[in-house]
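Summary of the model geometry
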Amino acid sequence: MAGPLWAEWEASQPDVPDRLRRAAAGSAPKAWRFAGEMDEIARTLADVGLPDGFHRAAAELYRNLEPFKDATSPELDAVTEALVQAATAGGGAAMTTAAGGRPLPPARWPASRSST
């Protein structure tokens, strides 16, 4: 999370970096518990013809944080890297997008997907 965005947050919203660090440390160790709930909500929405994509994506994100189950205060960089690795391991569009569909810079693409 380095670079211009991080510098901007430190300058214009100095509380954001610490809030992100605290959120990663507090949420990642228990995120795995919410995957089933998100799956259930997605099924319920789909059953009545409503879009279920948000909750399916949330369930996937929470499952990707399972390696931090019961961890003691994981670092933001470790949590972010785990999510990026999970997003790039999936193949197809997931190889060039992070969780939530945000594009990853080409430098973060796996070697087989980097631009030429």
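Each remark here, short or long, concerns the structure printed above.
Figured I'd write up the structure that's included with this text. (Residues numbered from 1 in each chain as written. Predicted model: local features only at pLDDT ≥ 70, side-chain atom pairs only at ≥ 80, totals over all residues. Heavy atoms only, no water.)

**What about the overall build of the chain?**
Rule in force here: Secondary structure counts use DSSP, requiring at least four H or I residues in a row for a helix and at least two E residues in a row for a strand, with both numbered from the N terminus. Throughout, a residue-residue contact means that at least one pair of heavy atoms, one from each residue, lies within 4.5 Å. Working definition of accessibility: Shrake-Rupley area with a 1.4 Å probe, residue cover restricted to the visible protein chains.
Of regular secondary structure, the chain possesses five helices and zero strands. Reading the secondary structure of the chain in the N-to-C direction produces α-α-α-α-α. Nonlocal contacts in the chain, meaning residues at least 24 apart in sequence, comprise 37% of its contacts between residues at least 6 apart. Per element, the accessible surface of the chain, about 7,500 Å² overall, is 56% carbon and sulfur.

**Considerations on helix α5 (residues 76–89)**
Short version of the rule: In a helix, the anticipated span is given by 1.5 Å times the number of residues less one. Think of it in three bands: with a 1.4 Å probe and only protein chains considered, a residue is buried below 20% of the maximum accessible area for its type, exposed above 50%, and partly exposed in between. Directions are taken from the helix axis to each C-beta atom, and the arc is the one they span.
Compared with the 20 Å implied by 1.5 Å per residue over 14 residues, the 20 Å span of α5 between its first and last C-alpha is a close match. Buried within α5 are the following residues: Leu76, Val79, Leu83, Val84, Ala87 and Thr88. All buried residues of α5 project into a common sector of 160° when viewed along the axis, lining one side. Among the structural elements, α1 (4–12), α2 (16–27) and α4 (53–64) are those in contact with the buried residues of α5.

**What to know about the packing of aromatic side chains**
Spelled out, the test is: Stacked, edge-to-face and tilted labels apply to pairs of Phe, Tyr and Trp rings (six-membered ring for Trp) whose centres lie within 6.5 Å, assigned for plane angles under 30 degrees, over 60, and everything in between, in that order. Look at NZ for Lys and CZ for Arg. If either is within 6 Å of the ring centre and within 35 degrees of the ring normal, a charge sits over the ring.
Scanning the model with the defined rule gives one aromatic pair in all. Above the plane of the ring of tryptophan 32 lies lysine 69, whose end atom (NZ or CZ) is 4.1 Å from the centre.

**With respect to the packing of α1 against α2**
Operational definition: In this analysis, axes come from line fits to C-alpha atoms, helices being fitted only over the stretch in contact, and the angle between any two N-to-C directions falls in the range 0 to 180 degrees. Our angle categories are set so that under 35 degrees counts as roughly parallel, over 145 as roughly antiparallel, 65 to 115 as roughly perpendicular, and the remainder as oblique. Throughout, the ten residues Ala, Val, Leu, Ile, Met, Phe, Trp, Tyr, Cys and Pro are labelled nonpolar, Asp, Glu, Lys and Arg are labelled charged, and all others, Gly among them, are labelled polar.
Remark: α1 packs on α2, axes separated minimally by 8 Å, with the N-to-C direction vectors making an angle of 115°. By the angle between their directions, the pair α1 and α2 is classed as roughly perpendicular. Contacts between α1 and α2 involve Trp6, Trp9 and Glu10 from the first element and Val16, Pro17, Leu20 and Arg21 from the second. Looking at the contact of α1 with α2 residue by residue, the class counts come to five nonpolar, no polar and two charged.

**Some thoughts on unusual backbone geometry**
Positive phi, close to 65°, is recorded for aspartate 70, a residue that is not glycine. For serine 73, which is not glycine, the phi dihedral falls at a positive 50°. Here serine 73 is to be found in the loop between α4 and α5.

**What about the pattern of salt bridges?**
As a working rule, side chains carrying opposite charge can pair if their charged atoms are close by. For clarity, the cut-off: A side-chain nitrogen of Lys or Arg and a carboxyl oxygen of Asp or Glu constitute a salt bridge if their distance falls within 4 Å.
Summed over all chains, the structure comprises four salt bridges. The partner of arginine 21 in a salt bridge is aspartate 18, with the nearest N and O atoms 3.1 Å apart. One end of the pair, arginine 21, and the other, aspartate 18, are both in helix α2, three residues apart, so they sit about a helical turn from each other. For the salt bridge of arginine 56 with aspartate 52, the shortest nitrogen-to-oxygen distance reads 2.8 Å. For arginine 56, a relative accessible area of 37% corresponds to the partly exposed category.

Nothing here speaks to function; it is geometry throughout.
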